[in-house]
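# Chains, contacts and geometry: an overview
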Amino acid sequence: MEAFECIFCQKNYPVDPFHTFCPKCQEPLLYIGLQTDKKFYHNKDHPLEVMLDFLPLDRVNHDLSLGEGNTPLIRLKNVEKNFRLPALYAKNETINPTLSFKDRGTALVIQKAISLGIERIGTVSTGNMAISTAAYGARAGIKTFVLVKDGAHREILNSTGRYNPVMINVKGDYGELFRRSFSLGKKNNIYFTNSVDPFRIEGYKVTAFETFFQLDQRVPDFIFVPVSSGGHLIGIIKAFHELKQHGFIKKYPHFVGVQAEGCSPIARTFQAKKLSVERIKKAETIAKAISNPDPPGGNILLRMIRRAGGTIMSAPEDKILEAQRKLAELEGIFIQPASATILVGFLELAEKGKIGPKSRIVLILTGSGMKASGKTKQSDSQVLQASLSDLPGIIKSVKSD
Ligand SMILES: Cc1ncc(COP(=O)(O)O)c(C=O)c1O
Ligand SMILES: [Zn+2]
């Protein structure tokens, strides 16, 4: 029998997408499948089919897929050389169908929702989640509700709107909107799949499984993930936990969650050795995609990190854009400021000597800079000016350094 489990009070609940928090502890529930003998199906192409035994699905409906997953694990040789670092890999989630890791979770949610006969889905978001949910909702042909925080970025609203969801701009507190969405969903028959939804978290596990196989079944020593609500890192830890449970691995990676300093409630709680995350009053960060002052997965993430081993740290605001630029210039990968926080975090730990010379490191690059560059000004890139006649001279004058 499958169930939703509260890891705080150990109580199990029925699997129900309309009840995803423990009524007693108010913490997010996690999915547990009780099948004991699990294996991977490497002869399959779609990652959800490869991992099927580890997921809450009986089958994969290809008509709902947008080609998510199977993302490359790229060795960052130029960064390694530049900073004299050990083996550094990037799991490039920015090439998912809507350019962020959210598609991993949404893909699973849509499979589940359609198999349960659900006809309306929704989400609360200001960014990547809105675009991903709207796209998959369109693909499935179901009504999709996107509740956006007042003041959300135009760039994101425009992209989300192209998929034609019902988009509602809501004034008021974001944390409150998140909580209210569930009761609104129950009343109006809309499955709100927010950042710590148990099925979404199951989808995030696939990234960790893929990484493990791309490393020839070796466990990375460190794995870096940017953190906002906590859902993504919860999924990554849960995947390694299941690999251990089923005898594929003996030890965990050291999990490093990174928040942007201007909005780092979970990192602050972790550093203060406390257990319960307090919401922060004012979030002010360049990393807009990870700006959640009241993270619903904070407490459960802290508990999982303490059990499995790891750290939650924060990245100084003034280093985030520089790291974003470095990765683009050195490796040709343009990420959002939210994702650049992990490069900042990694370099800080490396500088402090916390990362051994033989370590194997994985950075999970969560979102593409192509859709949210983080630039507030027009452009700060240098553009040379030329007429057709002086173009040859200008090209010749460019030094080849
Ligand atoms: C690009 C990017 N990275 C990381 C995160 C953090 O994920 P989570 O909220 O699951 O912790 C988000 C969340 O929106 C995001 O958009
Ligand atoms: Zn509970």
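This section reports on the structure supplied with the text. (Residues numbered from 1 in each chain as written. Chains lettered and ligands numbered in written order. Predicted model: local features only at pLDDT ≥ 70, side-chain atom pairs only at ≥ 80, totals over all residues.)

### Quick look at the overall build of the protein
Let me state the cut-off plainly: Put simply, DSSP marks the helices as runs of H or I at least four residues long and the strands as runs of E at least two long, and each gets a number from the N terminus on. Burial is judged by counting the other C-beta atoms within 10 Å of a residue's own C-beta: 20 or more makes it buried, 12 or fewer makes it exposed, and any count in between marks it as partly exposed, with every C-beta position built from the backbone. In this description, a residue-residue contact is defined by the distance between C-beta atoms placed from the backbone, which must lie within 7 Å.
Of the regular secondary structure elements, the protein holds 13 helices and 13 strands. On the principal axes, the C-alpha backbone points of the protein span a range of 70 × 45 × 45 Å. Counting the 401 residues in the protein, one finds 48% classified as buried. Within the protein, counting contacts between residues at least 6 apart in sequence, those at least 24 apart form 70% of the total.

### Observations concerning the pairing of strand β12 (residues 310–315)
We count it as follows: At least two bridges found by DSSP between two strands is the condition for calling them paired.
Of all six residues that make up β12, five are buried, and the element is covered over most of its length. Across six bridges, the pairing between strand β11 (residues 254–260) and β12 is parallel. Bridging from a neighbouring strand, Ala 260 pairs with Ala 315 of β12.

### A few points about the site of ligand 1
Let me state the cut-off plainly: Any residue whose backbone-placed C-beta atom lies within 6 Å of a molecule or strand is treated as near that molecule or strand. Amino acids are sorted into nonpolar (Ala, Val, Leu, Ile, Met, Phe, Trp, Tyr, Cys and Pro), charged (Asp, Glu, Lys and Arg) and polar (every other residue, Gly among them).
In the vicinity of ligand 1, 19 residues are found, and the nearest of them are Ser 228, Gly 231, Ala 289, Thr 366 and Gly 367. Of the residues assigned to the shell around ligand 1, the class counts are six nonpolar, 13 polar and no charged.

### Structural notes on unusual backbone geometry
At Arg 84, a position not held by glycine, the phi torsion is positive, near 50°. Within the fold, Arg 84 resides in the loop between α2 (77–83) and β5 (87–92). Judged by C-beta crowding, with 8 C-beta atoms within 10 Å, Arg 84 ranks as exposed. Although it is not a glycine, Asn 189 sits at a positive phi angle of roughly 60°. You can see Asn 189 is positioned in the loop between α6 (174–188) and β9 (191–192). When the 11 C-beta atoms within 10 Å are taken as the criterion, Asn 189 is described as exposed.

### Describing the environment of Pro 14
With respect to the secondary-structure elements, Pro 14 resides in the loop between β2 (12–13) and β3 (30–32). The exposed category is assigned to Pro 14, around which 9 C-beta atoms lie within 10 Å. Spatially, the C-alpha atom of Pro 14 lies 9.7 Å from that of Tyr 31, the residues being 17 residues apart in sequence.

### Description of the environment of Leu 30
Checked against the element boundaries, Leu 30 lands in strand β3. For Leu 30 and Pro 198, which are 168 residues apart along the polypeptide, the C-alpha to C-alpha distance reads 5.1 Å. Those residues in contact with Leu 30 that lie beyond four places of it in its chain are Phe 4, Glu 5, Ile 7, Pro 198, Ile 201 and Lys 238.

### Observations concerning the sheet that holds β3
To keep it simple, the criterion reads: Axes here refer to lines fitted to C-alpha atoms; in helices the fit is confined to the stretch in contact. Angles between the N-to-C directions go from 0 to 180 degrees.
Taken in spatial order, the three strands line up as β2-β1-β3 in an open sheet, and their pairing is antiparallel. Each edge of the open sheet is held by one strand with a lone partner, namely β2 and β3. Bridging between strand β1 (residues 3–5) and β3 involves three bridges; their strand directions are antiparallel. The residue of β3 that forms the bridge with Glu 5 is Leu 30. Where helix α7 (residues 198–214) meets the sheet, its contacts fall on β1 and β3, and the angle it forms with β3 comes to roughly 70°.

### Description of the sheet that holds strand β8 (residues 166–170)
Read from one edge to the other, the open sheet built from four strands follows the order β8-β7-β6-β9, with strand pairing classed as parallel. Lying at the two open borders of the sheet, with one neighbouring strand each, are β8 and β9. Across two bridges, the pairing between strand β6 (residues 120–125) and β9 is parallel. If you follow Ile 121 over to β9, its bridge partner there is Tyr 191.

### Here's the deal with α6
How we decide: A helix's residues, less one, multiplied by 1.5 Å, set its expected span. Here the bend at a residue means the angle between the axes of two seven-residue stretches, the one that ends at it and the one that starts at it.
Along its 15 residues, α6 runs 20 Å from first to last C-alpha, staying within 8% of the 21 Å computed at 1.5 Å per residue. Roughly 25° is the biggest bend found in α6, and it falls at Arg 180. Taken together, the buried positions of α6 are Tyr 174, Phe 178, Ser 181 and Gly 185. Just past α6, the residue Asn 189 takes up positive phi, approximately 60°.

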